[in-house]
Amino acid sequence: MSLKAELQRLGLLADDAHVPPGQQLLALCDAGVLDGGLTIALDLRPDELIGPLCERIGGSARLLKVLDVRDDPEVALIVDAGNGEESWEVREPRDLVERCNEEFRDDAESRAVAVLGEWEDSLQLWCIPKRALSSLLRAPFFQAENRARLSALVPATNRGSR
């Protein structure tokens, strides 16, 4: 099955997406054809990313409030994700991705965030519906940097099912 066909089957392409043959996920994310894809500058700060990232994650992530940003001695976001005030130490976007994946792991409505890697001087992130995660993890074309951690987010009812 082609990459385009597999992504269509899983419902992971943006509306009216044009997928050129032979493209890899990084290029497709950068081109805006992956539903939930996000291209960010390599030097983007976590406090600048958290709003757009939580919007794409959806579910309870949309309710997260950033109360404060501290830079000394480490970058920390003071947030309220519904459980009261918490401090998230996040030095860079990859740290924020992992923190969000952990925070919203039990929310079936929120998406898991894959770090696809760097492409064209940008970092490619992909917010994936958890229902599609199991299939993607089995797909040879899906080589996310945080693949091992994503496998822990697969709902227990989907593990091992084909």
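Details of the structure are given in the entry above.
First, a word on scope: everything that follows refers to the structure included in this document. (Residues numbered from 1 in each chain as written. Predicted model: local features only at pLDDT ≥ 70, side-chain atom pairs only at ≥ 80, totals over all residues. Heavy atoms only, no water.)

### Focus on the side chain of Ser110
In step 1: If you trace the backbone, Ser110 turns up in the loop between helix 4 (93–103) and strand 5 (111–119).
In step 2: You can call Ser110 buried: its relative accessible area is 1%.
In step 3: A distance of 3.0 Å separates a polar atom in the side chain of Ser110 from the backbone oxygen of Phe104.
In step 4: Within polar-contact distance, the side chain of Ser110 engages the side chain of Lys130 at 3.0 Å.
In step 5: Ser110 has contacts with Ile57, Gly58, Gly59, Phe104 and Lys130, leaving out every residue within four places of it along the chain. (Helix = DSSP H or I, 4+ residues; strand = E, 2+ residues; numbered from the N terminus. Buried < 20%, exposed > 50% of the residue type's maximum accessible area, 1.4 Å probe, protein only. Polar contact = N/O pair within 3.5 Å; in protein donor to acceptor, adjacent residues only side chain to side chain. Contact = heavy atoms within 4.5 Å.)

### Side note on the sheet that holds strand 5
The strands making up a sheet associate through hydrogen bonds between their backbones, and the pairing can be parallel or antiparallel.
In step 1: A sheet is described by the order of its strands in space; here three strands give the open sequence 1-6-5, paired in antiparallel fashion. Edge strands, defined here as strands with exactly one partner in the open sheet, are strand 1 (37–41) and strand 5. On average, each strand axis in the sheet is tilted by 25° relative to the strand beside it, whichever way the strands run.
In step 2: As paired strands, strand 5 and strand 6 (residues 122–129) are joined by eight bridges and run antiparallel to one another. Paired with Val115 across the bridge in strand 6 is Leu125.
In step 3: The sheet contacts of helix 5 (residues 130–138) involve strand 5 and strand 6, and relative to strand 6 the element is tilted by about 115°. (Pairing = 2+ DSSP bridges. Axes fitted to C-alpha atoms, helices over the stretch in contact; angles between N-to-C directions.)

### Comments concerning the pattern of salt bridges
In step 1: For the structure on display, the rule yields 13 salt bridges.
In step 2: One salt bridge in this structure joins Arg9 and Glu6, with 2.9 Å as the shortest N-O distance. With Arg9 and Glu6 both in helix 1 (residues 3–9) and three residues apart, the pair spans about one turn of that helix.
In step 3: Since its relative accessible area comes to 13%, Glu6 is described here as buried. (Salt bridge = Lys/Arg side-chain N within 4 Å of Asp/Glu carboxyl O.)

### A few points about the environment of His18
In step 1: Mapped onto the fold, His18 is located in the loop between helix 1 and helix 2 (25–30).
In step 2: The sequence separation of His18 and Gly32 amounts to 14 residues, and the corresponding C-alpha distance is 9.5 Å.

### Some remarks on the nonpolar core
In step 1: Residues Leu7, Leu34, Leu116, Trp126, Ile128, Phe142 and Leu150 are the most contacted members of the largest nonpolar core, which totals 27 residues.
In step 2: Sorting the residues of this core by element identifies helix 1, helix 2, strand 5, strand 6 and helix 5 as the ones contributing at least two each.
In step 3: When neighbours within four sequence positions are excluded, Leu34 is seen to be in contact with Leu7, Leu12, Leu13, Ala14, Leu25, Leu28, Cys29, Leu116 and Trp126.
In step 4: Listed in part, the 23 residues of the second largest apolar core include Leu53, Ala61, Leu77 and Val90. (Core = buried A, V, L, I, M, F, W, Y, C linked by side-chain atoms within 4.5 Å.)

### Here's the deal with the environment of Arg149
In step 1: Following the sequence through the fold, Arg149 ends up in helix 6 (residues 147–151).
In step 2: Since its relative accessible area comes to 54%, Arg149 is described here as exposed.
In step 3: Through-space distance from the C-alpha of Arg149 to that of Gly117 is 15 Å; in sequence the pair is 32 residues apart.

### With respect to the environment of Ser151
In step 1: Structurally, Ser151 can be placed in helix 6.
In step 2: C-alpha of Ser151 to C-alpha of Ser134: the two residues are 17 residues apart in sequence and 7.5 Å apart in space.
In step 3: A polar atom in the side chain of Ser151 sits 2.6 Å from the backbone oxygen of Ala148.

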